[in-house]
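A structural walkthrough
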Amino acid sequence: METTIYIDSLFVLNLIINYLLLLATAKVSGSPINRWRIFAGAAAGAAYAVAVFLPGLKFLQMLPCKGAFALLMVLIAFGVRSWRAFIRSVLLFLAISFVFGGGVMAAWLIFGGSGILAGGVPYLPIDMKTLLLTAGICYVLLAVVFRRLAKRGTAGGGLVEVELSMKDNKVALTALVDTGNTLHDPLTNAPVMVAEFESVRPLLPREVTAFINRETLKDPARALEDIALLGHGRYFRLIPYQAVGVSSGILLAFRPDSAAVNSKRVDGMLIALSPTHLSDSSAYSALVGA
């Protein structure tokens, strides 16, 4: 018995599933959430799902091809902040995919549907409402369960969600509540959150991000001078700090238009840019005071 596969339905189905998988991976890993990049990664995976069924492309069903496209999806969605963070995101994506796929398949069987699983690509003629409801439930469960596991494996305080916006740009990231972080702006006494530069990069003007990197952040005073020459000096300032092994140091910081920690607005918060990674496991990309 031959089965007709509609390319548009196949693409849309896999686009939705891939998007939720990548979004869950971002939330669990603490990677910066850029929804356009996540959408692009999901679209690449959906295109692969379609290609598997095209004549002459059956070789795409081979395991190495599946692995290559999984790497490509994660690369498009999150980029490479570090190889350790990239590998962790890939492993999380694969783990979440297995759990997510199992949930959707279970719902499909419970509802008595019939469908196809060719080369690992789902094509289930389940109605869209049931699919979206099942996918949404799986996504919520994955985000909650995996996030709790991440919190248990993180030393120190708990993890919180931080949302920042500046002009028309927004980022969401995961921060560790650090009881030892008592940084405040010496001028306004506003709290200061320390964040990895790459995690907040989408907020900053392109002229600034064109020359700021880990090396230039090691000389924040010079970086501030260069930023001032570009006409963006009013958004940045230097924050003094002390840490173990550092008796006196400074960090380059900027003030976003808005900041919220666990959906609670924090007025006046400054974001200090760290020239180094804050978490070896990439479970978080920022430190916020208790």
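Being a predicted model, the structure only gives us computed values, none of them experimental. (Residues numbered from 1 in each chain as written. Predicted model: local features only at pLDDT ≥ 70, side-chain atom pairs only at ≥ 80, totals over all residues. Heavy atoms only, no water.)

**Quick word on the overall build of the chain**
Helix and strand content of the chain: 9 helices and 11 strands. Across the chain, the fraction of contacts at a sequence separation of at least 24, relative to all contacts at a separation of at least 6, is 64%. (Helix = DSSP H or I, 4+ residues; strand = E, 2+ residues; numbered from the N terminus. Contact = heavy atoms within 4.5 Å.)

**Quick notes on a nonpolar patch on the surface**
A cluster of nonpolar side chains, contributed by L72, L75, V80, W83, I87, L91, L94, F98 and V99, occupies part of the molecular surface with about 900 Å² of accessible area. Contributing elements (two or more residues each) for the nonpolar patch: helix 3 (63–78) and helix 4 (83–110). The biggest single contributor to the nonpolar patch is helix 4, with 6 residues. Checked against the element boundaries, L94 lands in helix 4. Relative accessible area serves as the criterion here: at 34%, L94 is assigned to the partly exposed category. (Patch = residues over 30% accessible without salt bridge, like charges linked within 9 Å, V, L, I, M, F, W, Y side chains within 5 Å. Areas by Shrake-Rupley, 256 points an atom, 1.4 Å probe, with all protein chains shown as cover. Salt bridge = Lys/Arg side-chain N within 4 Å of Asp/Glu carboxyl O. Buried < 20%, exposed > 50% of the residue type's maximum accessible area, 1.4 Å probe, protein only.)

**Let's talk about the pattern of salt bridges**
Tallying each qualifying case throughout the model produces 6 salt bridges. Taking the shortest distance from any N to any O, the salt bridge between E215 and K218 comes out at 3.3 Å. R265 serves as the salt-bridge partner of D267, at 2.8 Å between the closest nitrogen and oxygen. Like R265, D267 is exposed.

**Considering helix 2 (residues 35–51)**
The terminal C-alpha atoms of helix 2, which comprises 17 residues, lie 24 Å apart, in line with the 24 Å expected from a rise of 1.5 Å per residue. Those residues of helix 2 that sit buried are I38, G41, A42, A44, G45, A46, Y48, A49, V50 and A51. (Expected span 1.5 Å × (residues − 1).)

**So, the side chain of N18**
For N18, the position within the fold is in helix 1 (residues 7–29). Overall, the relative accessible area of 9% leaves N18 in the buried class. Beyond its immediate sequence surroundings of up to four residues, N18 is in contact with A42, G45, A46 and M73.

**Some details on the nonpolar core**
Within the largest apolar cluster, 30 residues are counted, with the highest numbers of intra-cluster contacts made by L164, M193, L252 and F254. For L252, the contacting residues outside a window of four places in its chain are I212, L217, P220, A223, L224, I227, F236, R237, L238, I271, A272 and L273. One finds L13, L20, L21 and I38 within the second-largest nonpolar core, a separate group that totals 27 residues. (Core = buried A, V, L, I, M, F, W, Y, C linked by side-chain atoms within 4.5 Å.)

**Observations concerning the layout of surface pockets**
Empty space within the second largest pocket amounts to approximately 440 Å³. Contributing elements (two or more residues each) for the lining of the second largest pocket: helix 2, strand 3 (159–166) and strand 4 (169–178). If you tally residues by element for the lining of the second largest pocket, the top one is strand 4, at 4 residues. For the lining of the second largest pocket, the residue count by class is 7 nonpolar, 2 polar and 6 charged. (1 Å grid on protein atoms, 1.4 Å probe; cavity = no way out; pocket = protein on both sides within 12 Å on 5 of 7 lines; lining within 4 Å. Points joined across faces, edges and corners; volume = space filled by probe spheres on them. Nonpolar A, V, L, I, M, F, W, Y, C, P; charged D, E, K, R; others polar.)

**Quick look at the packing of helix 2 against helix 3**
Closest axis-to-axis distance for the helix 2/helix 3 pair is 7 Å, and the angle between their directions is 160°. Accordingly, the angle class assigned to the pair helix 2 and helix 3 is roughly antiparallel. Here the hand of the crossing between helix 2 and helix 3 comes out right-handed. Residues R37, I38, A40, G41, A44, G45 and Y48 of helix 2 pack against K66, F69, M73, L75, I76, A77 and F78 of helix 3. In terms of residue class, the contact of helix 2 with helix 3 is built from 10 nonpolar, 2 polar and 2 charged. (Axes fitted to C-alpha atoms, helices over the stretch in contact; angles between N-to-C directions. Parallel < 35°, antiparallel > 145°, perpendicular 65-115°, else oblique. Left-handed = near helix turned anticlockwise from the far one by under 90°.)

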